[in-house]
Amino acid sequence: MILGGPASPKLSKRLSLELHTFLLTPEIKRFPDGEIYIRLPGELKGKEVVVVQSLGPPQNENLMVLLLMLDAARDLGAKKVVCVTPYFCYARQDKRFKPGEAISMKTIVKLIEEVAPDELITIDIHEDSSLRYFSIPVKNLTAMPLLGKFIGSRLRLKNPVVIGGDQGSEERAKKVAEEIGGGHDYLVKRRITPTKVTVEPKKIDAKGRDVIIVDDIISTGGTVIKAVKVLSRQGARNIYAACTHPVLVGKTLEKLRKAGTRKVIATDTIEREVSLVSVAPLIAQALR
Ligand code: R5P
């Protein structure tokens, strides 16, 4: 059965339809002091339970709900518990960049493993290398081919090129480009003089072409907006932005549009108005 967390109601429903399985929704209330109350209204004893809860904003709140659901499912006698966190929070703080920093991703992994799910499924985690923190089996799926298929079939693109926001996104851009049929590239910073740094595509000239900027996360939009400015200056035709996880803090979507982004295409790992592509078939396939 699917246990659909409050951060992923639509995705949980889609997943239960894909798998033709029962969807259980937890009863969640709040105590007057702010603490969270959770009740799982159903027979879980001996069942295989898939707990679906994304860890997008508000991350800390969503994490607490996930921990309570996982532990309750196990405690109520579930035979197997699979944890699906479509967006894994704190994954960008996966190492100590400065002395003394917390390795937050590692802490979150420890907390989740403490309530003992049998395995975990996530999507496009920021860095594959951070999967080393898990000791339970973990599957990191990628939504890039799904995004590519959607973009290729729904947008009328002229001479398209897919560009990763940075070198880390080159592989992602490649996977999207394989579905669309255009080339791919990524943006690099070049130091022209000791004080002047420019950002430009590594090898491709975007002039007259439709460009799809690809990233794992769009959070403040800073990375995409910088890319849009550079590509517009190069004479790109229409510029689109695609990502797996539309974190989109505050007025980011508005800022992206104002900067000249024609359309933002994302998945439902975090449920937003731009979540045009569902990752339900991907998760269903992995669960099967
Ligand atoms: C960073 O390495 C990530 O891949 C994204 O580029 C970044 O998290 C996007 O954040 P923002 O939208 O705030 O620029």
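Whatever comes next refers back to the structure up there.
Residues numbered from 1 in each chain as written. Predicted model: local features only at pLDDT ≥ 70, side-chain atom pairs only at ≥ 80, totals over all residues. Heavy atoms only, no water.

Asks: Can you tell me about the pattern of salt bridges, naming the residues and giving the values?
Replies: A full pass over the atoms with the stated rule returns 13 salt bridges. Note that R74 is salt-bridged to D118, the shortest N-O span being 2.9 Å. Highlighted residues: R74 in helix α2 (residues 59-75) and D118 in the loop between α3 (104-114) and β7 (119-123), separated in sequence by 44 residues. A relative accessible area of 26% means that R74 is categorised as partly exposed. Sharing partners across several salt bridges, the network here consists of E27, K29 and R39. (Salt bridge = Lys/Arg side-chain N within 4 Å of Asp/Glu carboxyl O. Helix = DSSP H or I, 4+ residues; strand = E, 2+ residues; numbered from the N terminus. Buried < 20%, exposed > 50% of the residue type's maximum accessible area, 1.4 Å probe, protein only.)

Asks: Now, about the site of the ligand: what can you tell me, with residues and values included?
Replies: All residues in the neighbourhood of the ligand are listed as R92, H126, D166, D215, D216, I217, I218, S219, T220, G221, G222 and T223. One of the side-chain nitrogen or oxygen atoms of D215 is found 2.6 Å away from an oxygen atom of the ligand. Between the ligand and G221 there is a distance of 2.8 Å, counted from an oxygen atom to a backbone nitrogen or oxygen. For the shell around the ligand, the leading source of residues is strand β12 (residues 211-218), giving four residues. Considering only residue class, the shell around the ligand consists of two nonpolar, six polar and four charged. (Near = heavy atom within 4 Å. Polar contact = N/O pair within 3.5 Å; in protein donor to acceptor, adjacent residues only side chain to side chain. Nonpolar A, V, L, I, M, F, W, Y, C, P; charged D, E, K, R; others polar.)

Asks: Describe the nonpolar core, with residues and values.
Replies: Counting residues in hydrophobic clusters, the biggest one holds 37 residues, and the most contacted among them are V49, V51, L70, F88, M105 and I112. Elements that contribute at least two residues to this core include exactly β5 (48-52), α2, β6 (80-85) and α3. If you tally residues by element for this core, the top one is α2, at seven residues. Among residues more than four places away in sequence, those in contact with L70 are V51, V81, C83, I112, V115 and P117. By size, the runner-up hydrophobic cluster in this structure holds 23 residues, among which are V211, I213, V228 and V274. (Core = buried A, V, L, I, M, F, W, Y, C linked by side-chain atoms within 4.5 Å. Contact = heavy atoms within 4.5 Å.)

Asks: Tell me about the packing of helix α4 (residues 144-154) against helix α5 (residues 170-180), residues and numbers included.
Replies: The geometry of α4 relative to α5 is characterised by a closest axis approach of 7 Å and an angle of 40 degrees between their N-to-C directions. Comparing their axes, α5 and α4 come out oblique. α5 is crossed by α4, and the crossing has right-handed handedness. Within the contact between the two elements, α4 uses M144, P145, G148, K149, I151 and G152 and α5 uses R172, K175, V176, E179 and I180. Classifying every residue of the contact of α4 with α5 by side-chain character gives five nonpolar, two polar and four charged. (Axes fitted to C-alpha atoms, helices over the stretch in contact; angles between N-to-C directions. Parallel < 35°, antiparallel > 145°, perpendicular 65-115°, else oblique. Left-handed = near helix turned anticlockwise from the far one by under 90°.)

Asks: Before we move on, can you summarise α2 with the specific residues and values?
Replies: Here α2 spans 24 Å end to end across 17 residues, near enough to the 24 Å set by a 1.5 Å rise per residue. All of the buried residues along α2 are N62, L63, V65, L66, L67, M69, L70 and A73. Against β1 (2-4), β3 (27-30), β4 (36-39), β5, β6 and α3 lie the buried residues of α2. Once α2 finishes, G77 follows within two positions and takes phi at roughly 95 degrees, a positive value. (Expected span 1.5 Å × (residues − 1).)

Asks: Account for the packing of aromatic side chains, naming residues and giving values.
Replies: Centre-to-centre distance and the angle between the planes together describe a pair of aromatic rings. Taken as a whole and assessed by the stated rule, the structure comprises two aromatic pairs. Ring centres of F31 and Y37 lie 5.9 Å apart, and the angle between their planes is 80 degrees; this geometry places the pair in the edge-to-face category. Between F88 and F134 the ring centres are 5.7 Å apart and the planes differ by 75 degrees, which places this aromatic pair in the edge-to-face class. A residue pair is termed long-range when its members are at least 10 positions apart, and F88 in the loop between β6 and α3 and F134 in the loop between β7 and β8 (138-141) qualify at 46 residues. In this structure F88 comes out as buried when scored by relative accessible area, which is 3%. Among the residues examined, F134 registers a relative accessible area of 9% and is labelled buried. (Phe/Tyr/Trp six-rings, centres within 6.5 Å; stacked < 30°, edge-to-face > 60°.)

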